[in-house]
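Structural characterization, general
Here's the letter readout for the chains.
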Amino acid sequence: MKFATKAIHAGVHPDPTTGAIMTPIYQTSTYAQRSPGDNKGYEYSRTHNPTRTQLQDALAALDNGQHGLAFASGMAAIDCVMHLLKPGDEVISTDDLYGGSYRIMTKVYEPLGIKFHFVPMGDMEAVRAKVTPKTKLIWVETPTNPLLNIIDIAAASVVAKEAGALLAVDNTFSTPYLQTPLDLGADISVYSLTKYMAGHSDTVMGALVFNDATLLERLSFYQNACGGTPGPQDCFLVLRGLKTLHLRMQRHCENGRAVAEYLRQHPKVEKVYWPGFESHPNHAVAAKQMRDFGGMISFVLKGDKQEDAIAVLEKFELFTLAESLGGVESLSGHPATMTHASIPAEQRRKSGLSDSLIRLSVGIEDAEDLIDDLAQAIG
Ligand code: P1T
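Residues numbered from 1 in each chain as written. Predicted model: local features only at pLDDT ≥ 70, side-chain atom pairs only at ≥ 80, totals over all residues. Heavy atoms only, no water.

1. Remarks on the site of the ligand
Quick note on the threshold: To be near a molecule or strand, a residue needs just one of its heavy atoms within 4 Å of it. Throughout this description, a polar contact denotes any pair of N or O atoms lying within 3.5 Å of each other; where both atoms belong to protein, one of them has to be capable of donating a hydrogen while the other can accept it, and for residues adjacent in sequence the pair is counted only when both atoms sit in side chains. With residues, only the protein chains shown are counted as cover, and all accessible areas are computed by Shrake-Rupley using a 1.4 Å probe. Under the scheme used here, helices are H or I runs from DSSP no shorter than 4 residues and strands are E runs no shorter than 2 residues, and both carry numbers assigned from the N terminus. Note that Gly is not counted as nonpolar here; it falls among the polar residues with everything else outside the nonpolar set of Ala, Val, Leu, Ile, Met, Phe, Trp, Tyr, Cys and Pro and the charged set of Asp, Glu, Lys and Arg. Segment limits for the domains were obtained from an automatic or database-derived domain assignment.
Taken together, 18 residues lie around the ligand, and D170, S192, T194, S324 and R359 are the ones closest in. Within the contact set of the ligand, an oxygen atom lies 2.8 Å away from a side-chain nitrogen or oxygen of S192. Contact distances for the ligand include 2.8 Å between an oxygen atom and a backbone N or O atom of S324. About the coverage of the ligand: the protein hides 93% of its 470 Å² of free accessible area. If you tally residues by element for the shell around the ligand, the top one is helix α3 (residues 74-82), at three residues. Across the shell around the ligand, the residue classes tally to five nonpolar, eight polar and five charged. Three or more residues apiece are contributed to the shell around the ligand by two domains, here domain 1 (3-242) and domain 2 (245-378).

2. Re the packing of aromatic side chains
What describes a pair of aromatic rings is the distance from one ring centre to the other and the angle between the planes of the rings. In plain terms, the rule: Stacked, edge-to-face and tilted labels apply to pairs of Phe, Tyr and Trp rings (six-membered ring for Trp) whose centres lie within 6.5 Å, assigned for plane angles under 30 degrees, over 60, and everything in between, in that order. Burial classification: accessible surface area is computed with a 1.4 Å probe over protein chains only, and a residue below 20% of its type maximum counts as buried, one above 50% as exposed, and the rest as partly exposed.
Enumeration over the complete set of coordinates arrives at eight aromatic pairs. Look at W274 and F277: their rings are 5.2 Å apart centre to centre, the planes differ by 80°, and that puts the pair in the edge-to-face class. For the pair shown, W274 and F277 are each scored as buried. Taking 5.9 Å as the distance between ring centres and 75° as the angle between the ring planes, the aromatic pair formed by W274 and F293 counts as edge-to-face. Of this pair, W274 sits in the loop between β8 (269-273) and α11 (283-289) while F293 sits in the loop between α11 and β9 (296-301); the two residues are 19 residues apart in sequence, bridging distant segments of the chain. The buried category is assigned to W274, whose relative accessible area is 1%. The structure contains a cluster of three or more aromatic residues connected by ring pairs, namely Y102, F116 and F118.

3. Description of the confidence of the model for the chain
Where we set the bar: pLDDT is a per-residue confidence score from the predictor, ranging from 0 to 100.
Considering every residue of the chain, the mean pLDDT works out to 97; 100% of them sit at 70 or more. The weakest mean pLDDT in the chain belongs to helix α13 (residues 345-350) at 94; the strongest belongs to strand β7 (residues 206-210) at 99.

4. Quick notes on the domain arrangement of the chain
Defined as follows: Throughout, a residue-residue contact means that at least one pair of heavy atoms, one from each residue, lies within 4.5 Å. Computed with a 1.4 Å rolling probe, the buried area is the accessible surface lost when two parts are put together, summed over both parts. The salt bridge criterion pairs a side-chain nitrogen of Lys or Arg with a carboxyl oxygen of Asp or Glu, the two atoms within 4 Å.
Domain parsing of the chain yields domain 1 (3-242) and domain 2 (245-378). For domain 1 and domain 2, the distance between their C-alpha centroids amounts to 25 Å. Facing the 44 residues of domain 1 at the interface are 43 residues of domain 2. Interface of domain 1 and domain 2: buried area, both sides summed, is about 3500 Å²; carbon and sulfur atoms make up 60% of it. One can count one salt bridge joining domain 1 with domain 2. A salt bridge links K288 to D152, with the shortest nitrogen-to-oxygen separation between them at 3.0 Å. Our enumeration of links across domain 1 and domain 2 arrives at 21 residue pairs in polar contact (both at pLDDT 80 or more). Counting only elements with at least two residues in the side of domain 1 that touches domain 2, the list comes to α1 (3-9), α4 (99-109), α6 (153-163), α7 (175-178) and α9 (232-242).

Written as structure tokens, this is what we have:
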């Protein structure tokens, strides 16, 4: 089945009792049993819920995976992966990543005895150099948040296999429309569904997709035992969002290109970070592993001054200044003080994240209106 057909049909079935086309919101915490243990496959909604089951099946199908698990947030999904580790284990992570991912690694799991190495992953030799017999997980975001670095998933999977480690790829910026990490050798595809997958800035959720049966046993155990599961109404909203994922992503990519090209020729703009440019250091890898280049763009103004960036952010009318990304509406952000404030300034500088960087999530409005907004804000 092709992607657009899967986005609409995969995992979902008309309701067996009424024929309802849309997956019902099973707003129930529990399920009647005929006799103890004699039930219809559902006992308690932290463990299973029919709305969640259909979403998990749809997510697995879109990512070309066997199994999907949904969580109350992207961070709850990431937390579930971290539960696979034990004290003494080591993780190699990209050095440019979402601030919350860095925070859970360094503030929650490092104190429990897990060691994290943050390395630039443009060159896999830097990753290989950090591998030890204790390496259990390689953590990749691609494109990275917020610098839009591209990491070669197939090459990372070779290193992970040599090391006997799992490879997890946070695919939040790409979605399975642009890139399917499991097809490229990753073990786990990680999502903040809050972003493009739900697509309408109206819900917070996360997911994991993978193939391995042992991982299913372990991850679904932690999903239930730790309890970071989503409610059925949120699952319904993501299911509805997925039905237009392909259409939205097409427009995000078209508008992303128009905005990136506008910014690149603007005399007040110093640098634009967008993997669709041939001049991007890993454009060839992006062209190989992605089907298009997405709608996330970061840029810095000439002079590299934080106050100039703040002035532009305050002037935007359509690019609303807000945390998050991937909704139909365009958003702008200042990573150093917002999404990435939990990364110490020294570490941010080391990974190349300037305090004057502006991040844009280009929405699906008319591109001309978006460019007019950039023109009036940058001046
Ligand atoms: O916000 P939540 O659904 O818990 O997802 C966390 C998360 C995980 N991975 C990536 C790549 C992310 O970007 C995020 C959340 N990011 C933002 C809120 C942001 O504005 O960048």
